[in-house]
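Coordinate analysis (summary)
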Amino acid sequence: SMIELFLQRHALAAASLVPAVLERLGPVDEARTVLLNAELTASTRHGSFAQMAEVGFADPGARSGYVRQRFANRSRQLGSVIFSDPAVVALLRSCRAKLRVASFGGGPGESAMALVLCREVLGIQEVRLEVTLLDLEVGWHDCAGHVANGLRCAGLLNSADEVSFAQVDVTRKLEDPVNQAAAPASQWDLMIFSYVLVENMAALRGGGYALLRNLFQGLRPGACC
């Protein structure tokens, strides 16, 4: 099946990519990584990660630890979800020129890895990928660049492909200046939301899910989320 083929390719790619990215990041801070993991787990209950985290993703050593522990799993899960959704598979297969993707809360860049492997499995290498990694923590910028470079060196990113990083805040409206990279919603073919919605559910609920409402109202026909 496509999922099985994806998982096989992913295992090989992750085995080389993740160590290469970690070599370029700062050293892992084991203690801070443990604290970050605890904060992330707690946020699934209270939904206020950005407000309550003391370590958070602003800590370089904790970010490195997060990449080591979770990057491969997150990209593997995303690829499996894509191939489990007929609508998304149909969208990918229908692309003739390029696919524009917004990955909310995708700071580390795992969605870029998942998408290039999905493209390979589907045999649509002629489709140009434009993946924008949108995250509140600007510290992920360097990691995203290292991931893109690693994918390019592995021959998984084509010369025309683009992986970029921009800051967004999912708890604010789309028209807020911090979210200018995500607007307009009509530019996206595919939107990906990682754990960021669960981790910040309290603020999202308090704001009436403004960003989600704005995005869904503006999506072009045929786009997927």
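This write-up is about the structure you can find in this document. This is a predicted model, so every value here is computed, not measured.

Some points on helix α4 (residues 60-84)
- With 25 residues, α4 should reach 36 Å at 1.5 Å per residue; the first-to-last C-alpha distance of 34 Å fits that figure.
- The largest bend in α4 comes to about 50°, at Arg70.
- Measuring from the backbone nitrogen of Gly61 back to the side-chain oxygen at the start of α4 gives 3.0 Å, which picks out Asp59 as the cap.

Thoughts on the nonpolar core
- Core analysis: the biggest nonpolar cluster contains 53 residues, and Leu36, Leu92, Leu99, Met113, Leu115, Leu151 and Leu190 have the highest contact counts within it.
- Of all the elements, helix α6 (residues 110-122) adds the most residues to this core, at 9 residues.
- If we ignore the near neighbours within four places in the chain, the residues touching Leu190 are Val88, Leu91, Arg100, Val101, Ala102, Leu115, Cys224 and Cys225.
- Leu174, Ala182, Phe193 and Leu211 belong to the second-largest nonpolar core, a separate cluster that totals 20 residues.

Quick look at the packing of helix α1 (residues 2-24) against α6
- Where α1 meets α6, the closest approach of the two axes is 10 Å, and the angle between their N-to-C directions is 135°. As the angle between them shows, α1 and α6 are arranged oblique. Where α1 crosses over α6, the two elements pack in a sense that is right-handed. Within the contact between the two elements, α1 uses Met2, Leu5, Phe6, Arg9, His10, Ala13, Ala14 and Leu17 and α6 uses Met113, Ala114, Leu117, Cys118, Glu120, Val121 and Leu122.
- Taken together, the residues of the contact of α1 with α6 break down into 12 nonpolar, 1 polar and 2 charged.

Things to note about the sheet that holds strand β4 (residues 190-193)
- Taking strand neighbours across the sheet as the criterion, the 4 strands line up as β3-β2-β1-β4 in an open arrangement whose pairing is parallel. Lying at the two open borders of the sheet, with one neighbouring strand each, are β3 (162-167) and β4. Between one strand and the next, the sheet's axes are offset by a mean angle of 20°, whatever the strand orientation.
- Here strand β1 (residues 98-104) runs beside β4; their pairing, made up of 4 bridges, is parallel. Pairing of Phe104 across the sheet is with Phe193, part of β4.
- Seen against the sheet, helix α10 (residues 210-218) touches β1 and β4 and runs at an angle of roughly 160° to β4.

About the thresholds
- Counting restarts for each chain: residues are numbered from 1 in the order of the written sequence.
- With the structure being a predicted model, the display of local features is reserved for residues of pLDDT at least 70 and the display and counting of side-chain atom pairs for 80 or more, all residues being used for whole-chain, interface and lining totals.
- Only hydrogens and water are removed before side-chain values are computed, so all heavy atoms of the structure are retained for them.
- We count a stretch as a helix when DSSP gives it H or I for four or more residues in a row; a strand needs E for two or more, and each element gets its number in order from the N terminus.
- Expected span of a helix: the number of residues minus one, times 1.5 Å.
- A residue's bend is given by the angle between axes fitted to the 7 residues ending at it and the 7 residues starting at it.
- We call two N or O atoms a polar contact when they sit within 3.5 Å, provided that within protein one can donate a hydrogen and the other can accept it, with sequence-adjacent residues counted only if both atoms are side-chain atoms.
- Put simply, a nonpolar core is a bunch of buried Ala, Val, Leu, Ile, Met, Phe, Trp, Tyr and Cys residues held in one set by side-chain atoms that sit within 4.5 Å of each other.
- Only protein chains enter the calculation, and the probe is 1.4 Å; a residue is then buried if its accessible area is under 20% of its type maximum, exposed if over 50%, and partly exposed in between.
- Contact between two residues is taken to exist if any of their heavy atoms lie within 4.5 Å; hydrogens are not considered.
- In this description, a line fitted to the C-alpha atoms serves as the axis of each element, helices being fitted only across the stretch in contact, and the angle between N-to-C directions of two axes falls anywhere from 0 to 180 degrees.
- Working definition: roughly parallel below 35 degrees, roughly antiparallel above 145 degrees, roughly perpendicular at 65 to 115 degrees, and oblique for all remaining angles.
- Definitions for this section: a left-handed crossing has its near helix turned counterclockwise from the far helix by less than a right angle. A right-handed crossing has that turn clockwise.
- Each residue receives one of three labels: charged for Asp, Glu, Lys and Arg, nonpolar for Ala, Val, Leu, Ile, Met, Phe, Trp, Tyr, Cys and Pro, and polar for the others, Gly being one of them.
- Strand pairing is assigned whenever DSSP detects at least two bridges linking the two strands.

Function cannot be inferred from these measures alone, as they are strictly geometric.
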